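Listed below, chain by chain, are the residues.
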Amino acid sequence: MSRGFLVVLDSVGIGGAPDAAVFGDVGSDTLGHIAEACAAGNGDGHGRSGPLGIPVLLSLGLGAAHRGAAGTEPPGLEAAAATTGAWGHAAETSRGKDTPSGHWELTGVPVDFDWTYYPATVPAFPHDFTAALIREAALPGVLGDCHASGTEIIARLGEEHVRTGRPILYTSADSVVQIAAHEQAFGLARLYELCRIARRLAPDTVGRVIARPFVGTGAADFARTGNRKDLAVPPPSPTLLQRHSDAGGPVISIGKIGDIFAHRGTGEEVKASGHPALWDALLDAAGTAPDGALVVVNFVDFDSLWGHRRDVAGYAAELEAFDRRLPGFLALLRPGDLAVLTADHGNDPTWPGSDHTREQVPVLLAGPAAPRGDLGPMAFADVGATLAAHLGLPPGRHGVSRIGGRG
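Reference entry: report on the structure contained in this document. The shown structure was predicted, so the numbers you read here are calculated from the model rather than taken from an experiment.

**Considerations on the packing of aromatic side chains**
In total, this model carries 11 aromatic pairs according to the counting rule given. Aromatic pair Trp104 and Trp115: ring centres 5.7 Å apart, planes at 50°, arrangement tilted. Taken together, the residues Trp104 in helix H4 (residues 99–106) and Trp115 in the loop between H4 and helix H5 (127–136) connect sequence positions 11 residues apart. Across the pair, exposure class does not vary: Trp104 and Trp115 are buried alike. Summarising the aromatic geometry, the rings of Phe302 and Tyr315 are spaced 5.7 Å apart at their centres and angled 25° between planes, so their arrangement reads as stacked. Pair noted here: Phe302 is in helix H11 (residues 301–307) and Tyr315 is in helix H12 (residues 312–332), with a separation of 13 residues, a long-range link. Residues Phe302 and Tyr315 agree in their burial class; the two are buried.

This is the structure in C-alpha cells:
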C-alpha cells in the first residue's frame, strides 16, 4: 500500500447512461460533442482553436473509455490509443444526476432515496419555506424564487438586489436551494448565516443549500467569487473518506470536497478556488502526503464555468489546460501509488438548457500501482471499492475492486 488519489473532473461525461431516457438525456455526450464541435471549427475561442488537443488524457485511455461508453469515435479521439494504465466507463445507479449523488456513489455510497426537487414554476419554493426564511433572517423579502442559471439571474436581478437588500433565491434541476448576494452590499457573513437558516428550514432530502456571493458595480460586471459555500446533507452511510479516516488513514480533501461530504471524514481540508489553485494544491499534496494517504480533489470549473453556461470553447480550453498540467502530477506519483481520474455526471455544453446530463463517466487508473488494459463497463461504486482495496480497507457494501477482490 502507498497512496490513493481520487481526481474528479466535474461533469466530464462520455455518453448517455443506460437510463438517460428517464432524464431526457438520450444522445448527450459531453466529451464527444466537444470534440466534434472543435473539429468542425465551432470550438474556437478562449485562446484556443482547432481540434481538441488532450494527448495525455488520451494516453491514459480517455478516448478508449469514450469508445466503450458511446460506441463512437469523434474527430480527435478516433486514433487515441491508450498507452498506460487501465480504463473503463462507469454508470450511476443513484436516482439523481447531481454532484453529491455522483461523489457519494463514487466513494461507495449510492443514493437509494429520492431527493426533493423544486418545480419549474414561479414561485418555485413552498410559501412556508420562503416565509420562514424571510422572518427568521429579518429580510425585506426575496427576489427570483424560480429556476435559473446563476450567472443569468445575477445579471438580471443583481442591481435590484443591491438596491433593495433582498437576496436572490433560485434553484435548478438539481436538489438545491441557491442564494446569491453581493459580498459588500449584503455581506458575506450575513449570506452564510442566511444559508445556515435555509439549511435548517429545508427538508433533509434537499441535497444542498449553496451560498453564491458575487461582486461588481452593475449588471455588466457582476461576477461570482470563490467564496461559494455548500451546505450539504451528510451521506447516509460511511463513504470511502469516512472509512479511511476512521481506520486512522490520512485524508486530504481539496477544494469543494469538504462541502460535498458535509465534512464527514474529510480530514485536512485544503481550500482552493479555480483550476490553477486546485492544481497547485493537488501537486503540493502529491509531493508531501504521507504513505497511506487518500487525496480527493474536484475540478469544478468544467461544470460551473463552462458546462452550465453551454460554452463549448471554454470547456475545450479547460480540458486542454488540464491536460497540460497532468504530466506534473503523474511525475510526482511514488512507487505503489494509485490515481483514479473520473467524473461525477455529464454537463454537455451542446445540450438544451443549462443543467447536468445523465451520462456515463470515464474511469482512468494511473500510477505505479495501476493495472493495465480495458476494464470495460463499471459501476460508480467500483471506483471507491478499488481505492479501498488499494488502501487496505476491508470490503464495503457496494462496488467491486478492479485490482483484485472486493474493496
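**Quick notes on the layout of surface pockets**
Gaps between atoms show up when a probe of the same size as a water molecule is rolled over them. For the largest pocket, the calculated volume is near 660 Å³. Along the wall of the largest pocket there are 30 residues; nearest its centre are Thr225, Gly226, Asn227, Arg228 and Ser273. Sorting the residues of the lining of the largest pocket by element identifies helix H6 (150–164), strand S6 (208–215), strand S7 (223–224), strand S8 (229–232) and H11 as the ones contributing at least two each. Considering only residue class, the lining of the largest pocket consists of 11 nonpolar, nine polar and 10 charged. One number sums up the size of the second largest pocket: a volume of about 360 Å³. For the second largest pocket, the lining is made up of 27 residues, of which Ser172, Gln178, Arg212, His308 and Ser354 are closest to its centre. Within the residue set of the lining of the second largest pocket, elements represented by two or more residues are H6, strand S4 (168–171), strand S5 (176–182), S6 and H11.

**Comments concerning empty space enclosed by the protein**
Under the counting rule described, the total for this entry stands at two cavities of 30 Å³ or more. Volume-wise, the largest cavity comes out at about 40 Å³. Of all the elements in the fold, those that place two or more residues in the lining of the largest cavity are strand S12 (338–342) and strand S13 (361–366). Looking at the lining of the largest cavity residue by residue, the class counts come to seven nonpolar, one polar and no charged. The computed volume of the second largest cavity comes to approximately 30 Å³. Forming the walls of the second largest cavity are Asp98, Pro100, Trp115, Asp174, Ser175, Gly207 and Arg208. Residues of the lining of the second largest cavity, tallied by class, amount to two nonpolar, two polar and three charged.

**Here's the deal with the packing of helix H10 (residues 275–288) against H12**
The contact between H10 and H12 brings their axes to 9 Å, and the two run at 10°. Classified by the angle between their axes, H10 and H12 sit roughly parallel to one another. Facing His275, Pro276, Trp279, Asp280, Leu282, Leu283, Ala286 and Gly287 of H10, the residues of H12 in contact are Glu318, Phe322, Arg325, Leu326, Gly328, Phe329 and Leu332. Looking at the contact of H10 with H12 residue by residue, the class counts come to nine nonpolar, three polar and three charged.

**Quick look at the environment of Gly255**
Residue position: Gly255 is located in the loop between strand S9 (251–254) and helix H9 (257–260). With relative accessibility at 11%, the residue Gly255 sits in the buried group. Setting aside chain neighbours within four positions, we find Gly255 in contact with Val270, Ala272 and Leu278.

Rules of the game
- Residues numbered from 1 in each chain as written.
- Predicted model: local features only at pLDDT ≥ 70, side-chain atom pairs only at ≥ 80, totals over all residues.
- Heavy atoms only, no water.
- Phe/Tyr/Trp six-rings, centres within 6.5 Å; stacked < 30°, edge-to-face > 60°.
- Helix = DSSP H or I, 4+ residues; strand = E, 2+ residues; numbered from the N terminus.
- Buried < 20%, exposed > 50% of the residue type's maximum accessible area, 1.4 Å probe, protein only.
- 1 Å grid on protein atoms, 1.4 Å probe; cavity = no way out; pocket = protein on both sides within 12 Å on 5 of 7 lines; lining within 4 Å.
- Points joined across faces, edges and corners; volume = space filled by probe spheres on them.
- Nonpolar A, V, L, I, M, F, W, Y, C, P; charged D, E, K, R; others polar.
- Axes fitted to C-alpha atoms, helices over the stretch in contact; angles between N-to-C directions.
- Parallel < 35°, antiparallel > 145°, perpendicular 65-115°, else oblique.
- Contact = heavy atoms within 4.5 Å.

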